[in-house]
Amino acid sequence: MSLLDDVAQRDGWRCWVCDEPVDADRSVNDPRGPSVDSRTADRKAKVVERLAHRACNTRKGAVKVVIAWPDRLHVVEPAPLVAVAERLERKGGRELVARCPRRKDAQETADWLVDRFSRLVPGLPVTASVEEGGGQYLVALATRRR
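Scope of this entry: the structure provided in the associated data block. (Residues numbered from 1 in each chain as written. Predicted model: local features only at pLDDT ≥ 70, side-chain atom pairs only at ≥ 80, totals over all residues. Heavy atoms only, no water.)

Let's talk about the packing of aromatic side chains
1) Next: Tallied over the entire structure, the rule returns one aromatic pair.
2) Next: Ring geometry for Trp69 versus Trp112: centroids 5.5 Å apart, planes at 40 degrees, classification tilted. Here the residue Trp69 occupies a position in the loop between helix H2 (54–60) and helix H3 (81–91), and Trp112 occupies one in helix H4 (residues 103–120), the gap between them amounting to 43 residues. (Phe/Tyr/Trp six-rings, centres within 6.5 Å; stacked < 30°, edge-to-face > 60°. Helix = DSSP H or I, 4+ residues; strand = E, 2+ residues; numbered from the N terminus.)

What follows is the structure in structure tokens.
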């Protein structure tokens, strides 16, 4: 149980897949209970163990997970966040990740991305920018090369 507690403390008792809180008092057999995700499709992953709900962990299996974008964000053609995280972690730099119809939508998206990446890739300092272009607003993530 100490591995679970260590991983959960490090991850702030949040599921890395769905980003929802994990209840420490639930049974590990409960679908919303805590589990350690140690099987990843990417063998080069730096963080091998991550906290996940039992159901999220079971549902994803041993394939690459897809991080859902919240329905409340008005985003056109959102980028696959796990792939973006892997590239930024490996190479650094800057990536366009979304297009939004209004500046307000783009700023909300940028704020959500910085918050989500703080848990998705702990220790990777990302910044988000909003740029106007072609009647829409582009959201980019950037980080320095490690």
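After that view of the structure, there is still more to cover.
Notes on H4
1) Next: Given a rise of 1.5 Å per residue, 18 residues ought to cover 26 Å, and the 25 Å separating the end C-alpha atoms of H4 matches this to within 8%.
2) Next: Where H4 is buried, its residues meet strand S2 (50–53), H3, strand S3 (93–100), strand S4 (127–133) and strand S5 (136–143). (Expected span 1.5 Å × (residues − 1). Contact = heavy atoms within 4.5 Å.)

Here we look at H3
1) Next: Buried residues of H3: Leu81, Val82, Val84, Ala85, Leu88 and Glu89, and no others. In an axial view of H3, the angular spread of the buried residues amounts to 160 degrees, which keeps them on one side of the axis.
2) Next: Just downstream of H3 lies Gly92, where phi reads positive at about 70 degrees. (Buried < 20%, exposed > 50% of the residue type's maximum accessible area, 1.4 Å probe, protein only. Arc of directions from axis to C-beta.)

With respect to the side chain of Asp37
1) Next: Checked against the element boundaries, Asp37 lands in strand S1 (residues 34–37).
2) Next: Engagement of the side chain of Asp37 in a polar contact is seen with the side chain of Trp16, the distance being 3.0 Å. (Polar contact = N/O pair within 3.5 Å; in protein donor to acceptor, adjacent residues only side chain to side chain.)

Notes on the sheet that holds S3
1) Next: Sheet architecture is open: three strands sit in the order S3-S5-S4, paired in antiparallel fashion. What marks the edges here is a single partner per strand, and that holds for S3 and S4. On average, adjacent strands in this sheet sit at an angle of 30 degrees to one another, irrespective of strand direction.
2) Next: Here seven bridges tie S4 to S5, and the two strands are oriented antiparallel to one another. By the bridge assignment, Glu131 is partnered in S5 with Leu138.
3) Next: Each of S3 and S5 touches H3; the most contacted strand, S3, lies at about 155 degrees to it. (Pairing = 2+ DSSP bridges. Axes fitted to C-alpha atoms, helices over the stretch in contact; angles between N-to-C directions.)

Purely spatial values, then, with no claim about function.
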